[in-house]
Amino acid sequence: MKEIGLPQQFVNWVMLTVNTVSYKFNVNGAYTECMPAKRGIKQGDPLSSMLFVIMMDYLNRLLHRMQANTEFKYHYRCRELQLTNMAFVDDVLLFSRADLNSVRLMLKVLQDFSQSTGLVVNPRKCRVFFGGVDSDTRLKIREMTTFQEGVLPFKYLGIPMTSKRLEIHRSAAISKKSPVAWKTVCKPRKHGGLHIIDMQVRSNVTMMKLLWNIHKKKDNLWVKWISCYYLKGHDIMQVEEKVQYLWIFKAILRHRDGAVGLQNWNSMEHFKTRIVYKHMRSIEEQVPWYRLFCGKNERPRALITLWKACHGKLATRSRLYHFGIVGFQTCCFCVQEETQDHLLFDCSETREIWKHVLLWIGFSHEPRIWTEELLWLNQICKGKSTRASMLKMAVVESVYGVWNYRNSISFGNMIDKNRIVRNIIDMLVYRGWTKEKLRPHLASLMM
């Protein structure tokens, strides 16, 4: 801190904070005596980020001074910007040409930095990466630095780092047929989906954001590098794609047509990913049964079963027979064909379960087939009344309970129908009691 010109009083304040760190440990509920720390500051101390910036600024000054030495040679992709280092969190990246003189000068800078700050490089945690370097030079540089040679790709903060396009190799073929198309899964709930992010659309939006950064953020280091080595004074929206460009830059250029179609592309002050993502998704009509999923008390696993039923995608025997998975399609409760409309709730066995649940929550209704039952539920479940909330929970738990009941019988497990009804009602009480507004109604039902 003295070498970069900070006042002595400020240096004394900082060192007082660093040198007076102490710890207490909680052992079986009792605290130990204070133990002074030999080095460093407490984890999470807001001073740590400032000290890191000061140290890295000093290192940057040393490297900048080194650049005046004629023996130092830049990395061929860093020469125009005179880029020698990048610091991120607690990591430092150093760039130079793979010759012994340049590497020796960088090691001299690190040695001077260590003598001034007390921060010593740990060779076991450092890696050196080469590109287009002969084996003899690699060996000499490894011996000089005592660093291990790194191999691409490697992971940094969980993200694979490589100079080439990442490829996903599937180890095994996927044989299981998806019950619902992934495009449908990614739709908003009002449109029949689960509101899961569509990664293909999100990837396109991310590419557009990179395109907008190149188009607008001229002071960004990455944008400066792109402008220096690829654009060379040309507009990103007009430059022609060339074979020698990096794959990521070519992918960015291919999204220019989509970006031009966005409103206010040229006048955007900030690129808002969420708004662009919504704009790029296809707009479709709402499904009539989306109100059944507006509650917050239902179990997720039960909601998924109801969601598949609303799409008509439950793996009934009729559906499995159609795909050639089973050789019969009769209902496990009767002799009729087991379609979804039959199972929910045209079958006498499942109709009785649903009818008992409806009577318990105060609805006198004669169940019908599932498609007609959905129309009735859409009319009754409008609004946020207590009866509507109870009916939403009841249909979610009943469909889930009936489906589990059917699966148990199909696999030879004998279960009492009355037990299924009791389990559904118990779950309604358990889940509904967490909502204060439903407690009086549940209490009256249980009396």
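Residues numbered from 1 in each chain as written. Predicted model: local features only at pLDDT ≥ 70, side-chain atom pairs only at ≥ 80, totals over all residues. Heavy atoms only, no water.

Concerning helix H2 (residues 47-66)
Then, number 1: For H2, built from 20 residues, the straight-helix expectation of 28 Å at 1.5 Å per residue is met to within 8% by its first-to-last C-alpha distance of 29 Å.
Then, number 2: Inspection of H2 places Leu47, Leu51, Ile54, Met55, Met56, Tyr58, Leu59, Leu62, Leu63 and Met66 among the buried residues, and these make up the whole buried set.
Then, number 3: In the core, the buried residues of H2 are packed alongside helix H1 (8-19), strand E5 (85-88), strand E6 (91-94) and helix H3 (100-117). (Helix = DSSP H or I, 4+ residues; strand = E, 2+ residues; numbered from the N terminus. Expected span 1.5 Å × (residues − 1). Buried < 20%, exposed > 50% of the residue type's maximum accessible area, 1.4 Å probe, protein only. Contact = heavy atoms within 4.5 Å.)

Regarding the environment of Gly193
Then, number 1: Secondary-structure assignment places Gly193 in the loop between helix H5 (182-185) and helix H6 (199-216).
Then, number 2: Judged by its relative accessible area of 5%, Gly193 is buried.
Then, number 3: Sequence-distant contacts of Gly193, that is, excluding residues within four places in its chain, are made with Thr184, Val185, Lys187, Pro188 and Trp307.

A word on the side chain of Arg256
Then, number 1: Relative to the elements of secondary structure, Arg256 occurs in helix H9 (residues 256-260).
Then, number 2: Despite its burial, Arg256 remains without a salt bridge, the nearest opposite charge being carried by Glu241 at 5.6 Å.
Then, number 3: A polar side-chain atom of Arg256 sits 3.0 Å from the main-chain carbonyl oxygen of Ile236.
Then, number 4: Apart from residues no more than four positions distant in its own chain, Arg256 is found in contact with Leu211, Ile236, Met237, Gln238 and Val239. (Lys, Arg positive; Asp, Glu negative; His and termini not counted. Salt bridge = Lys/Arg side-chain N within 4 Å of Asp/Glu carboxyl O. Polar contact = N/O pair within 3.5 Å; in protein donor to acceptor, adjacent residues only side chain to side chain.)

Quick notes on the packing of aromatic side chains
Then, number 1: Applying the stated criterion across every chain, the model contains 13 aromatic pairs.
Then, number 2: Through pairs of rings, three or more aromatic residues link up here, namely Trp225, Tyr229, Tyr230, Tyr245 and Phe249. (Phe/Tyr/Trp six-rings, centres within 6.5 Å; stacked < 30°, edge-to-face > 60°.)

Some thoughts on the confidence of the model for the protein chain
Then, number 1: Chain-level pLDDT for the protein chain is 86 on average; 96% of the residues reach the 70-or-more range.
Then, number 2: Per-residue pLDDT stays below 50 along residues 169-175; that stretch engages in zero contacts with residues further than four places along the chain or on separate chains. (pLDDT = per-residue confidence, 0-100.)

Concerning the pattern of salt bridges
Then, number 1: Per the stated rule, a full pass over the model turns up nine salt bridges.
Then, number 2: Close ionic contact of Arg406 with Glu338 constitutes a salt bridge, the shortest N to O distance being 2.9 Å. Placement of the pair is Arg406 in helix H16 (residues 386-410) and Glu338 in the loop between helix H12 (317-322) and helix H13 (340-346), with a sequence separation of 68 residues.
Then, number 3: Taking relative accessible area as the criterion, Arg406 reaches 6% and is therefore assigned buried.
Then, number 4: Residue Glu338 is classed as buried on the basis of its relative accessible area, which comes to 0%.
Then, number 5: The network of salt bridges with common partners includes Arg138, Arg142 and Glu149.

Things to note about a nonpolar patch on the surface
Then, number 1: Nonpolar side chains collect at one region of the surface, where Tyr23, Phe25, Val27 and Met35 lie side by side and expose about 350 Å² of accessible area between them.
Then, number 2: Mapped onto the secondary structure, Tyr23 falls in strand E1 (residues 22-23). (Patch = residues over 30% accessible without salt bridge, like charges linked within 9 Å, V, L, I, M, F, W, Y side chains within 5 Å. Areas by Shrake-Rupley, 256 points an atom, 1.4 Å probe, with all protein chains shown as cover.)

So, the packing of H1 against H2
Then, number 1: For the pair H1 and H2, interaxial distance at closest approach is 12 Å and the crossing angle is 125°. With respect to their mutual orientation, H1 and H2 come out oblique. Taken as a pair, H1 and H2 cross one another with a handedness that is left-handed. On H2, the residues that touch Phe10, Val14, Thr17 and Val18 of H1 are Leu47, Met50 and Leu51. (Axes fitted to C-alpha atoms, helices over the stretch in contact; angles between N-to-C directions. Parallel < 35°, antiparallel > 145°, perpendicular 65-115°, else oblique. Left-handed = near helix turned anticlockwise from the far one by under 90°.)

Here we look at unusual backbone geometry
Then, number 1: Backbone torsion omega between Leu152 and Pro153 reads -5°, so that peptide bond is classified as cis.
Then, number 2: Position of Pro153 relative to the elements: it lies in the loop between strand E8 (148-149) and strand E9 (154-156).
Then, number 3: Backbone geometry places Lys232, a non-glycine residue, at a positive phi of 50°.
Then, number 4: Examined against the element boundaries, Lys232 turns out to sit in the loop between helix H7 (221-231) and helix H8 (247-253).
Then, number 5: On the basis of relative accessible area, Lys232 is assigned to the exposed category, the value being 61%.

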